[in-house]
Amino acid sequence: MLFEQVSKDIVAAMKARDKARLEALRNIKKCLLEAKTAPGAGDEVTDETALKIITKLAKQGRDAAQIFASQHRQDLADAELAQVAVYEEYLPRQMSEGELLEALRAIIAETGATSAKDMGKVMGVASKRLAGRAEGRAISAAARKLLG
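Quick look at the nonpolar core now. By size, the foremost hydrophobic cluster in this structure holds 22 residues, and its most contacted members are Leu25, Ile28, Leu32, Ile54, Tyr87 and Tyr90. Elements with a contribution of two residues or more to this core: helix 1 (2-16), helix 2 (19-36), helix 3 (47-70) and helix 4 (74-88). Element by element, the count of residues in this core is highest for helix 2, at six residues. Counting 18 residues, the second largest nonpolar core, distinct from the first, contains Met119, Met123, Leu130 and Ala142.

Here is the structure:
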C-alpha cells in the first residue's frame, strides 16, 4: 500500500539525511493521515485516494513554484519543484500530448460528441478515465482543440 511505502521512504530519507526529500514525504504522510482520520474514512486510505492527494500536492507545488518564479524568488521555486519531483515518484507516468489526443479521440468517438457543445460529455468520461495520468487543464485544452 502507498501509505506504508511513504512511511518506509521517510525512514530511508532520514538515514540518508536528505532534508528536501524528507520534508516532501512528511507532507505526503501528513495529508494521508488527515484523510485517514477524516469522518467517514473508516481509518483507511485507499491507494486511489492517496494518488488523488499526491496529485493535488504536486499541482499545488507546481503552481507555487510558478508564482515564486514570477516574483523573482527562484530559490523558493526550486525548493517547491524539488518537492514536486518527490511527489511525482509516486504518481503514474503522465501522458504525452500525443497519447492524450489519441485517448480523447477514442472517448469522443465513444460518446458520439461532434462539437464544443458536447464538451461536458467528453470531460465527464475523460476526467474519470485519465485521472492521475493527465492534468484536468491539459485534458480540457486538448478536448477543446479536438471539438473546436
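Let's pick the thread back up.
This part is about a negative patch on the surface. Negative charge collects at one region of the surface, where Glu4, Asp43, Glu44 and Asp47 lie side by side. Mapped onto the fold, glutamate 44 is located in the loop between helix 2 and helix 3.

Our next topic: empty space enclosed by the protein. Evaluation of the coordinates by the stated rule reveals one cavity of 30 Å³ or more. Here the largest cavity defines a volume of roughly 60 Å³. Lining the largest cavity, in full, are Thr55, Ala58, Lys59, Arg62, Leu91, Gln94, Gly132, Arg133, Ala134 and Glu135. Broken down by class, the residue content of the lining of the largest cavity amounts to three nonpolar, three polar and four charged.

With 12 residues, helix 7 (residues 136-147) extends 16 Å between its outermost C-alpha atoms, agreeing within 8% with the 16 Å of an ideal straight helix rising 1.5 Å per residue. Of all the positions in helix 7, only Ile139, Ser140, Ala142, Ala143 and Leu147 are classed as buried. Residues of helix 7 that are buried in the fold lie against helix 5 (97-111) and helix 6 (119-129).

Procedures and definitions
Residues numbered from 1 in each chain as written. Predicted model: local features only at pLDDT ≥ 70, side-chain atom pairs only at ≥ 80, totals over all residues. Heavy atoms only, no water. Core = buried A, V, L, I, M, F, W, Y, C linked by side-chain atoms within 4.5 Å. Buried < 20%, exposed > 50% of the residue type's maximum accessible area, 1.4 Å probe, protein only. Helix = DSSP H or I, 4+ residues; strand = E, 2+ residues; numbered from the N terminus. Patch = residues over 30% accessible without salt bridge, like charges linked within 9 Å, V, L, I, M, F, W, Y side chains within 5 Å. Areas by Shrake-Rupley, 256 points an atom, 1.4 Å probe, with all protein chains shown as cover. Salt bridge = Lys/Arg side-chain N within 4 Å of Asp/Glu carboxyl O. Lys, Arg positive; Asp, Glu negative; His and termini not counted. Charge placed at Lys NZ, Arg CZ, Asp CG, Glu CD. 1 Å grid on protein atoms, 1.4 Å probe; cavity = no way out; pocket = protein on both sides within 12 Å on 5 of 7 lines; lining within 4 Å. Points joined across faces, edges and corners; volume = space filled by probe spheres on them. Nonpolar A, V, L, I, M, F, W, Y, C, P; charged D, E, K, R; others polar. Expected span 1.5 Å × (residues − 1). Contact = heavy atoms within 4.5 Å.

Purely geometric numbers; function is a separate question.
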